[in-house]
Amino acid sequence: MTNSNNNTNKRSVLFLCTGNSCRSQIAEAIVTNQLGEKWQAFSAGTKPAGYVHPLALDVLEEIGIQHQGESKNTSVYSDRDFDLVVTVCDSAAEDCPVWLRANPQVHLAFEDPAAFEGNQEEKLNQFRLVRDEIGKKIPDLLAGYR
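All chains use their own residue numbering, which begins from 1 and follows the written sequence. For a predicted model such as this one, the threshold for reporting local features is a pLDDT of at least 70, and the threshold for listing and counting side-chain atom pairs is 80 or more; totals across whole chains, interfaces and linings nevertheless cover every residue. Side-chain metrics in this entry use all non-hydrogen atoms of the structure; hydrogen atoms and water are not considered.

Turning to the packing of aromatic side chains, a few remarks are in order. What counts as a ring pair is set by centres within 6.5 Å for rings of Phe, Tyr and Trp (its six-membered ring), and what kind of pair is set by the plane angle: stacked under 30 degrees, edge-to-face over 60, tilted for all other angles. In the structure shown here, the tally under the stated rule is three aromatic pairs. Summarising the aromatic geometry, the rings of phenylalanine 42 and tyrosine 77 are spaced 5.5 Å apart at their centres and angled 70 degrees between planes, so their arrangement reads as edge-to-face. With a gap of 35 residues between them, phenylalanine 42 in strand β2 (residues 39-45) and tyrosine 77 in the loop between α2 (54-62) and β3 (84-87) connect regions that are remote in the sequence. Per residue, the accessibility class of phenylalanine 42 equals that of tyrosine 77, and both read buried. Their ring planes at 65 degrees and their centres at 5.6 Å tell us that phenylalanine 42 and phenylalanine 82 sit as a pair that is edge-to-face. With phenylalanine 42 in strand β2 and phenylalanine 82 in the loop between α2 and β3, this pair connects stretches of sequence that are 40 residues apart. Each member of the pair phenylalanine 42 and phenylalanine 82 is classed as buried. Feature note: the residues Phe42, Tyr77 and Phe82 constitute an aromatic cluster, connected by ring pairs. Here a helix means four or more residues in a row that DSSP labels H or I, a strand means two or more in a row labelled E, and each is numbered from the N terminus. Burial status follows relative accessibility: with a 1.4 Å probe on protein chains alone, a residue under 20% of its type maximum counts as buried, one over 50% as exposed, and anything between as partly exposed.

Written as structure tokens, this is what we have:
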């Protein structure tokens, strides 16, 4: 594996979704916060939105995570190998660039909270549900990946 950082004690994981504005950002932030001693987390999108959704940042802040994410394209990692690539939406799994498929890949689909229609409180609750689901499933996945 070619690891572009010098920290060989950490494994690297890339969370991939379409817009890189919600689910992959939440996963990156949770892993960095909870598993940062063992994992270095990154995120990207196959068609990046160009921003991190404000409600994603809000629900992360609710659990004590300050995230300064940036929506970016998978191409920024074209020269990097990862220990694991996790696609967090069906579209990203289908559109995953061929060069990323060379890395070990797992697919865990989460609902897109940004697509939920409702009032502000209902939308916020949907983001919380997705955050909590990611917060359970992703650490469980990484704990079993040795």
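This is not the end of the story, as more comes after the structure.
Okay, the nonpolar core next. Counting 35 residues, the largest nonpolar core has Val13, Phe15, Val31, Ile134 and Ile138 as its most contacted members. Mapped by element, the contributors of at least two residues to this core are β1 (11-17), α1 (23-35), β2, α2, β3 and α5 (120-143). Of all the elements, α5 adds the most residues to this core, at six residues. Not counting residues up to four positions away in its chain, the partners in contact with isoleucine 138 are Phe15, Ala27, Val31, Val86, Leu108 and Phe110. By nonpolar core is meant a set of buried Ala, Val, Leu, Ile, Met, Phe, Trp, Tyr and Cys residues that side-chain atoms within 4.5 Å join together. The contact rule is simple, with two residues in contact once any of their heavy atoms fall within 4.5 Å.

Let's shift gears to unusual backbone geometry. Of note in the backbone geometry, asparagine 20 takes a positive phi value of approximately 55 degrees without being a glycine. For asparagine 20, the location among the structural elements is in the loop between β1 and α1.

Our next topic: the state of the cysteines. Note on disulfides: each one is a pair of cysteine sulfur atoms within 2.5 Å. Going through the model one piece at a time under the given rule, you end up with zero disulfides. With no disulfide of its own, cysteine 22 lies 7.4 Å from the sulfur of cysteine 17, the closest cysteine sulfur. In this structure cysteine 22 comes out as buried when scored by relative accessible area, which is 3%.

What follows covers the pairing of β3. Both faces of β3 are covered, namely the face carrying Leu84 and Val86 and the face carrying Val85 and Thr87. We call two strands paired when DSSP finds no fewer than two bridges between them. Sheet topology note: the β1/β3 ladder contains four bridges and is parallel. Its bridge partner lying in β3, phenylalanine 15 is registered against valine 86. With three bridges connecting them, β3 and strand β4 (residues 105-107) associate as parallel partners. By the bridge assignment, valine 85 is partnered in β4 with glutamine 105.

On to the sheet that holds β3, then. With parallel pairing, four strands are arranged side by side in an open sheet as β2-β1-β3-β4. Only two strands of the sheet have a single partner each, and these edge strands are β2 and β4. Taking each pair of neighbouring strands and ignoring which way they run, the sheet shows an average axis angle of 20 degrees. Lying on the sheet, α1 is in contact with β1 and β2; it crosses β2 at an angle near 170 degrees. Between N-to-C directions, angles cover 0 to 180 degrees, with each direction set by a line fitted to C-alpha atoms, over the stretch in contact for helices. Across the sheet, α5 is in contact with β1, β2, β3 and β4; its angle to β3 comes to roughly 155 degrees.

With that out of the way, let us pick up α2. Among the residues of α2, those classed as buried are Leu55, Ala56, Val59 and Leu60. For α2, the arc enclosing every buried residue in end-on projection is 140 degrees, short of the 170-degree limit, so these residues lie on one face. Of the surrounding secondary structure, the elements contacted by the buried residues of α2 are α1 and α5. Two residues or fewer past α2, glycine 64 is found with a positive phi of approximately 85 degrees. Taking the helix axis as origin, the arc is that swept by the directions to the C-beta atoms.

Everything listed here is a matter of coordinates, which is why it stays silent on function.
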